[in-house]
Amino acid sequence: MSYDVIILGAGAAGMMCAATAGQRGKRVLLVDHADGVGKKILISGGGRCNFTNIHIAADRYLSANPNFAKSALGRYSAQDFIALVDRYGIAWHEKTLGQLFCDGSAKQIVAMLEEECAAGGVTIALGQGVTDVAHGDGLYRVTIGGVVQCAPALVLATGGPSIPKMGATGFAYNVARQFGLGIIQPRPALVPFTLGAEEALFQSLSGVSADVEVRWNKTRFREAALFTHRGLSGPAMLQISSYWQHRTPIHVDFLPDRDADWLIAEKRDRPRVSLRKVLAQALTERLADTLLERLSVQGELGAQSDKALRQMAASLANWPFEPTGTEGYAKAEVTVGGIATAGLSSRTMEANKVPGLYCIGEAVDVTGWLGGYNFQWAWASGWAAGQAV
Ligand code: FDA
């Protein structure tokens, strides 16, 4: 059997690419070292797969070239994927912030992609390790499970190294380097922060969540934050972790809806009430206690000067945390960085100087926000390459 294209990685991007190319009449071999397809899809969105977002826009992606994703995201949109999901009768709902989830199970998305691959006559080889990739005479020779397979086109869709225990590897980076493509330093993203001994007090809040605004430089997210026994998690923290640089602080506004003088207004209204009670009502008791302990203040509102109350409100609105690090690839939903877009066509995902080599999905230096953005990039980049191979 000879193939027009070999796709390495049967995840979200690889399956979309395989189905698209197959349905165009291409003979496709889709290879994965795992024993099943779409493993990350199955565990995504708490088992319901947050498969896209209605607010997809290129500025919600991190990349050394912020314009790179525009073309693919524009040509295969969230609406296109929704239309596919609807065609399969998969029920879905919008949860929050434009995030679309299956009503039922992520298994439906994987089954849909498998059916799309079958409709394109895609050959799927699972449980097959790729030991060697070579190129010569216009053909890619890929050693899969000890057998050499050849095709004029090769697609790297093996994702990034996030969650190695699920079979994630940096394999795509190695092959990309082999063919002279650049790599933007990869690092874990959408990942919880760890806090050090200095901020150990917050560990006692493990399990407490709060609606906050978190900031790092000019980037800010308004979502829930969650204290953990190791540090900080929850959507707000995962989002900002993708931007965060080591040895820099993040700032948290614990009361993003209050103005600078809200404590002074409270003092006017109810001077005999304790600070602790006011903060416990605005936050939660446990969080209020911890913050007050750090601020070393107590007593009735009426006993505080306006200046002190204004300062306290300012502290609560701009609380610095200095993460010691993150929980790393073991807990990262995605990887920031990867194959440099400078060497790729934004229209086809083909390497500019290596005809027939395509890179798609998370392996590429395009990383989305939390909330369906990463799957949409996988679908869109997979579709773009699938149209071109
Ligand atoms: P993906 O990782 O899906 O696929 C790569 C494939 O390549 C895998 O099947 C792997 O086995 C295979 N592979 C790796 N190395 C190989 C090798 N050497 N040889 C052969 N095969 C190899 N995103 C989102 O938009 N909404 C969500 O709800 C979630 N939820 C979520 C939860 C969790 C727990 C995680 C870890 C991640 C998410 N994500 C997400 C992110 C999303 O899963 C991710 O961005 C996409 O799966 C990326 O798709 P790819 O196809 O690029 O890689």
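Procedures and definitions
- Residues numbered from 1 in each chain as written.
- Predicted model: local features only at pLDDT ≥ 70, side-chain atom pairs only at ≥ 80, totals over all residues.
- Heavy atoms only, no water.
- Domains from an automatic or database assignment.
- Contact = heavy atoms within 4.5 Å.
- Buried area = accessible area lost by both parts, 1.4 Å probe.
- Polar contact = N/O pair within 3.5 Å; in protein donor to acceptor, adjacent residues only side chain to side chain.
- Nonpolar A, V, L, I, M, F, W, Y, C, P; charged D, E, K, R; others polar.
- Buried < 20%, exposed > 50% of the residue type's maximum accessible area, 1.4 Å probe, protein only.
- Helix = DSSP H or I, 4+ residues; strand = E, 2+ residues; numbered from the N terminus.
- Arc of directions from axis to C-beta.
- Pairing = 2+ DSSP bridges.
- Axes fitted to C-alpha atoms, helices over the stretch in contact; angles between N-to-C directions.
- Core = buried A, V, L, I, M, F, W, Y, C linked by side-chain atoms within 4.5 Å.

Novice: What is the right way to read the domain arrangement of the chain from this model?
Specialist: It is common to give the size of an interface as the accessible area lost on bringing the parts into contact. Each assigned domain of the chain is listed with its residue range as follows: domain 1 (5-187 + 333-388) and domain 2 (193-326). Computed over C-alpha atoms, the centres of domain 1 and domain 2 are 39 Å apart. Tallying the contact residues gives six residues for domain 1 and ten residues for domain 2. A combined buried area of about 730 Å² lies between domain 1 and domain 2, and 54% of that area is made up of carbon and sulfur atoms. On the domain 1 side of the contact with domain 2, Arg187, Trp369 and Leu370 bury the most area, a combined 59% of that side's loss. Put simply, domain 1 and domain 2 have four residue pairs in polar contact (both at pLDDT 80 or more) between them. Here the residues of the side of domain 1 that touches domain 2 are counted per class, giving five nonpolar, no polar and one charged.

Novice: Sorry, what's going on with helix α4 (residues 78-87) here?
Specialist: Along an α-helix, a turn takes 3.6 residues, which lines up residues three or four apart on a common side. Among all positions in α4, only Ala78, Phe81, Ile82, Leu84 and Val85 are buried. Down the axis of α4, the buried side of the element spans an arc of 160 degrees, and every buried residue falls inside it. Turned more than 90 degrees from where α4 packs its buried face, Gln79 and Arg87 sit exposed. Gly89 sits one or two residues past α4 and shows a positive phi near 65 degrees.

Novice: Help me understand the pairing of strand β20 (residues 334-339), please; the structure alone is not making it clear to me.
Specialist: A regular strand carries its side chains on alternate faces of the sheet. Counting buried positions along β20 gives six out of six residues, so the element sits mostly inside the fold. When strand β12 (residues 183-189) meets β20, the two strands line up antiparallel, connected through five bridges. Of the residues in β20, the one forming a bridge with Ile183 is Ile339.

Novice: Mind showing me how you'd approach the sheet that holds strand β3 (residues 50-53) here?
Specialist: The pairing of strands in a sheet happens through backbone hydrogen bonds and is either parallel or antiparallel. Strand order in the open sheet formed by three strands is β3-β6-β5, and the pairing between neighbours is antiparallel. Each edge of the sheet is formed by a strand with only one pairing partner; in this case those strands are β3 and β5 (92-94). Going across the sheet, the axis of each strand differs from the next one's by a mean of 30 degrees, ignoring polarity.

Novice: Please clarify how the nonpolar core should be interpreted in this entry.
Specialist: Where a protein is soluble and globular, its nonpolar side chains tend to be buried together. Ile109 and Trp379 are the most contacted members of the largest nonpolar core, which has 130 residues in total. Summarising the domain contributions, this core has at least three residues from each of domain 1 (5-187 + 333-388) and domain 2 (193-326). Filtering out sequence-adjacent residues up to four positions away, Trp379 remains in contact with Ala12, Met16, Ile41, Phe51, Tyr76, Phe81, Ile109 and Leu113.

Novice: Honestly, the sheet that holds strand β14 (residues 209-216) in this entry has me stumped. Any pointers?
Specialist: If you walk across this open sheet you meet the seven strands as β18-β17-β14-β15-β16-β13-β19, and the pairing is antiparallel. Edge positions in the open sheet fall to β18 (319-321) and β19 (325-326), since each of these has one partner strand only. In terms of strand pairing, β14 meets strand β15 (residues 219-227) through eight bridges, oriented antiparallel. Bridge pairing links Glu213 to Arg222 in β15. Along the sheet, helix α7 (residues 234-241) makes contact with β13 (193-194), β14, β15, β16 (231-233) and β17 (250-253), crossing β15 at roughly 130 degrees.

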